[in-house]
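# Fold and contact review
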Amino acid sequence: MKNLYKIVDCELRLLHTGARQIKNFKNSKEGVNRDVFSHPKAKKKIPLFNLNSVLSSMKKCKIDYGIISGLAWINKDTLRKNNDYVKKCLYQYPNKFKGLYIPDVSNPVKAAKEIMKLDKKIYIGVEIIPKWQNININEKKLDPIFKAIIKKNFFLKIYTAHITQTLDGDSPYRTLQFLKKYPNIKTLIPHMGGMLCVYGLYKPIKKYLKNAYFITSVSASMKMVKFAAEVDHKKILFGTDYPGNHCFSQILPLKEMKKMNISKKIKKDILGEQAIKLFNFKKL
């Protein structure tokens, strides 16, 4: 059955071949190893982090477009290889995907120069995952990266956890402080920003959310999307975090989204219409 909507999955993950070999990270102290490769189902699910798996799932779900990125490592070689793999996939399917580049934050000046060289035909922005990159998003040393993002008119995706998960570098509070410091940077905030999005109800905070877009990658608690949609659905973009979500599935959160008790117009906007306009996807 044909979808009634154009659908964009704004959060998809890919790993290059070497990063899909769990044995390569057996003794690694990387945050990715701690949080992803050490998962009880990792051996079975990590192989899903490849282009063919993502394309197959999108076809099954009738999802038209996607925003892809890798994961973040301290190891420079691993990070480079994963960025290269994402770039290869973007050039292979330029009408299907747009991408996010994950910079090496250990050298912000060099990272800024690399960001300035990114091809805007395939990249829509930059992603930072503080908990895996051993940083706080509000560190002043990162300013060269943010200035480059502004110059390129890029989006910045900031990993943000729920308040039940951490009080450290990925907390909604830290993200809010960044939004206050850089109100003109267009931001993509996954996991509904740990529900920072609902503070659009509170006028003193709402003004700092004007350029923030929240991704629905809360596969275990999709009802949160309905609550946020009642606040401001124009700031919500559909995304699953496939295959790294709790269910290792695209179709389950999509089904939850489709059956949600909100208007067809709002569903259409969240599922794809807003993302198509924001990221300049060509309508098929």
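Everything below is about the structure shown above.
Residues numbered from 1 in each chain as written. Predicted model: local features only at pLDDT ≥ 70, side-chain atom pairs only at ≥ 80, totals over all residues. Heavy atoms only, no water.

## So, the overall build of the protein
Broken down by element type, the protein carries 12 helices and eight strands. A globule of 284 residues ought to have a C-alpha radius of gyration of about 19 Å, and the protein, at 18 Å, matches this closely. Its C-alpha atoms give the protein principal-axis dimensions of roughly 45 × 45 × 35 Å. Residue pairs at least 24 apart in sequence account for 75% of intrachain contacts in the protein once pairs closer than 6 positions are excluded. Surface exposure of the protein reaches about 13,700 Å², of which carbon and sulfur atoms provide 54%. Within the protein, one finds 56 positive and 21 negative side-chain charges whose respective centroids are separated by 4 Å. (Helix = DSSP H or I, 4+ residues; strand = E, 2+ residues; numbered from the N terminus. Rg over C-alpha atoms; globule rule 2.2 N^0.38 Å. Contact = heavy atoms within 4.5 Å. Areas by Shrake-Rupley, 256 points an atom, 1.4 Å probe, with all protein chains shown as cover. Lys, Arg positive; Asp, Glu negative; His and termini not counted. Charge placed at Lys NZ, Arg CZ, Asp CG, Glu CD.)

## Considerations on the packing of aromatic side chains
This model, assessed by the stated rule, comprises 10 aromatic pairs. Of the aromatic side chains, those joined through ring pairs into one cluster are F25, F37 and W73. Above the face of the F281 ring, K98 is positioned so that its terminal group lies 5.6 Å from the ring centre. Of note, K186 hangs over the ring of F155, and the distance from its end group to the ring centre comes to 4.4 Å. (Phe/Tyr/Trp six-rings, centres within 6.5 Å; stacked < 30°, edge-to-face > 60°. Lys NZ or Arg CZ within 6 Å of the ring centre and 35° of its normal.)

## Some points on the pairing of strand β7 (residues 212-215)
Side chains of β7 alternate between two faces, with A212 and F214 and Y213 and I215 buried alike. With two bridges joining them, β7 and strand β8 (residues 236-237) adopt parallel strand pairing. Looking across to β8, one finds that F214 is bridged to I236. In terms of handedness, the path from β7 via helix α10 (residues 223-232) over to β8 forms a crossover that is right-handed. (Buried < 20%, exposed > 50% of the residue type's maximum accessible area, 1.4 Å probe, protein only. Pairing = 2+ DSSP bridges. Right-handed = clockwise from strand over helix to strand, strands pointing away.)

## Quick word on the sheet that holds strand β4 (residues 123-128)
Sheet strands pair by backbone hydrogen bonding; their relative direction is either parallel or antiparallel. In spatial order, the strands read β1-β2-β3-β4-β5-β6-β7-β8; together these eight strands make up an open sheet with parallel pairing. Looking at which strands have only one partner, the edges of the open sheet turn out to be β1 (8-13) and β8. As judged from the four bridges shared by β1 and strand β2 (residues 65-69), these two strands associate in the parallel manner. For D9, the partnering residue across the bridge sits in β2 and is G66. Lying over the sheet, helix α4 (residues 76-92) contacts β2, β3 (97-101) and β4, oriented at roughly 160° with respect to β3. (Axes fitted to C-alpha atoms, helices over the stretch in contact; angles between N-to-C directions.)

## Things to note about the packing of helix α11 (residues 251-258) against helix α12 (residues 264-278)
Contact pair α11 / α12: the axes reach a minimum separation of 10 Å and the direction vectors enclose 155°. Taken together, the axes of α11 and α12 lie roughly antiparallel to each other. Across the interface between the two elements, L254, M257 and K258 from α11 touch K267, I270 and L271 from α12. In the contact of α11 with α12, the residues fall into four nonpolar, no polar and two charged. (Parallel < 35°, antiparallel > 145°, perpendicular 65-115°, else oblique. Nonpolar A, V, L, I, M, F, W, Y, C, P; charged D, E, K, R; others polar.)

## As for the side chain of H191
Note that H191 resides in the loop between β6 (186-189) and α9 (203-206). A residue is classified by how much of its surface remains accessible, and H191, at 9% relative accessible area, is buried. Those residues in contact with H191 that lie beyond four places of it in its chain are E11, Y159, T160, H162, I215, S217, V218 and D241.

## Brief notes about unusual backbone geometry
The peptide bond linking Y242 to P243 adopts the cis configuration, its omega dihedral lying at 0°. Relative to the elements of secondary structure, P243 occurs in the loop between β8 and α11. Backbone geometry at D241 places phi at a positive 65°, although glycine is not the residue there. Looking at the element boundaries, D241 is found in the loop between β8 and α11. Positive phi values are uncommon outside glycine, yet F248 reaches one of about 55°. Mapped onto the elements of the fold, F248 is located in the loop between β8 and α11. Its relative accessible area of 16% is what places F248 among the buried residues.

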